[in-house]
Amino acid sequence: MVRFTKMEGLGNDYIFIDNFAERLPEEEFPVLARAVSDRHFGVGADGLIVILPPTEPGFDLRFRMFNADGSEGEMCGNGMRSFARLAFERGLVRKTRIRVQTLAGPVVPEIVLDEAGRVQGVRVDMGPPRLRSTEIPLTGPERGPVLAETVEAAGESFTFAAVSMGNPHIVIFTDADLDRIDLAHVGPALEHHPLFPQRTNVHFVRPEGPGELRMRTWERGSGITLACGTGACAALVAASLTGRSGRTADVHLPGGTLRVEWAEDGHVYQTGPANEVCRGEFTRDWRREAAARS
Ligand SMILES: N[C@H](CCC[C@H](N)C(=O)O)C(=O)O
């Protein structure tokens, strides 16, 4: 039995495990992520996020995130807002500015409280974007920033910008109606394209003014999601570098709107909601079932 809390940020929903309490061996997380994320045979979510003690000095907590297919993502922007709110409200930290150790490097969420001391939202310092081809990563000669490269996939040609927020993103700008894009078809073809040796998250973005972007996402390892925080940060950076937006924008995703700014300190900040959905106990015999499948 594993105790969990389900949280969502702009409809990007994750199952959270407090590993201070559950003390699960870390090698079990990919199998558990697949089991709990399944929307019919599990709890249902875009993935699993684990709250852990840091392994390096100077951090309050460590963050690990696993997609619905069990693959590990280096960072998760919507998930980090939920992570911070949960850690604060459960007393795992007693401050509103939290230094978190992640595979993408240090990330610093700040809880925003209202005058009654209730959590209004979370503003996250996501660190700097990475723009060299080797940092995304992309195959081929070291180059960058990659702002308008073309790739053939699903019988079509796509021109993309590539930005890493510690995890890989391609941003495809379009004036088309985003709802008419066959994401379920083109998404996986791009995610698994050999140009992306670590696969990639895929975003179609329609600029709607100097401070307005609209986007839809196919996530590496999770498929279509209602929002992608790191993706929204990547989209803002790409839009700013290509003159399609300023350095601050409201990014409109199917699950809601995220405020993103690429500040003068070179870091990207995203601000938005994070909400608890439910708490429960995962009682399925997931270890035996996984062993039987292998
Ligand atoms: N939903 C997450 C992104 C997860 C990215 C993950 N799919 C990956 O493998 O990088 C976010 O809000 O940033």
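Since this is a predicted model, take the numbers as computed values, not measurements.

Moving on to the nonpolar core. Counting 51 residues, the largest nonpolar core has I49, F63, M80, F83, V171 and V260 as the members making the most contacts within it. Looking at this core element by element, the count peaks at 8 residues for helix 5 (residues 229-241). There are two domains that each give this core at least three residues, and those are domain 1 (2-127 + 274-293) and domain 2 (149-266). With 20 residues, the next largest nonpolar core counts V151, V202, F204 and W218 among its residues.

Examined bridge by bridge, strand 9 (residues 149-153) and strand 10 (residues 156-164) share 5 bridges and lie antiparallel to one another. When the bridges of strand 10 are listed, T150 appears paired with T159. Turn length for the strand 9-strand 10 hairpin, with the two strands adjacent in sequence and antiparallel, is 2 residues, and the turn residue A154 shows positive phi of about 50°. Pairing analysis gives 4 bridges linking strand 10 to strand 11 (residues 168-173), with the strands arranged antiparallel. Paired with V163 across the two strands is H169, which belongs to strand 11. Following strand 10, the chain reverses through 3 residues before pairing antiparallel with strand 11; G166 in that reversal takes a positive phi of roughly 100°.

A complete count under the given rule lists 26 salt bridges for this structure. With its nearest N and O atoms 3.0 Å apart, the salt bridge here joins R39 to D46. Judged by relative accessible area, D46 falls into the buried class, the value being 6%. Connected through shared salt-bridge partners, K6, D13, R39 and D46 make up one network.

Before going further, it helps to examine the domain arrangement of the protein. Its domain assignment divides the protein into domain 1 (2-127 + 274-293) and domain 2 (149-266). Every contact between the two is made by 22 residues of domain 1 and, on the other side, 23 residues of domain 2. Between domain 1 and domain 2, a total of about 1,500 Å² is buried, with carbon and sulfur atoms accounting for 46% of that surface. Sorting the residues of domain 1 by area buried against domain 2 places L10, E74 and M126 first, and these three jointly supply 35% of that buried surface. Between the two partners, domain 1 and domain 2, sit 3 salt bridges. Salt-bridge contacts for R199 lead to D69; the nearest nitrogen and oxygen are separated by 3.1 Å. In this structure, the connection of domain 1 to domain 2 is made through 11 residue pairs in polar contact (both at pLDDT 80 or more).

Criteria and cut-off values
- Residues numbered from 1 in each chain as written.
- Predicted model: local features only at pLDDT ≥ 70, side-chain atom pairs only at ≥ 80, totals over all residues.
- Heavy atoms only, no water.
- Core = buried A, V, L, I, M, F, W, Y, C linked by side-chain atoms within 4.5 Å.
- Buried < 20%, exposed > 50% of the residue type's maximum accessible area, 1.4 Å probe, protein only.
- Helix = DSSP H or I, 4+ residues; strand = E, 2+ residues; numbered from the N terminus.
- Domains from an automatic or database assignment.
- Pairing = 2+ DSSP bridges.
- Salt bridge = Lys/Arg side-chain N within 4 Å of Asp/Glu carboxyl O.
- Contact = heavy atoms within 4.5 Å.
- Buried area = accessible area lost by both parts, 1.4 Å probe.
- Polar contact = N/O pair within 3.5 Å; in protein donor to acceptor, adjacent residues only side chain to side chain.

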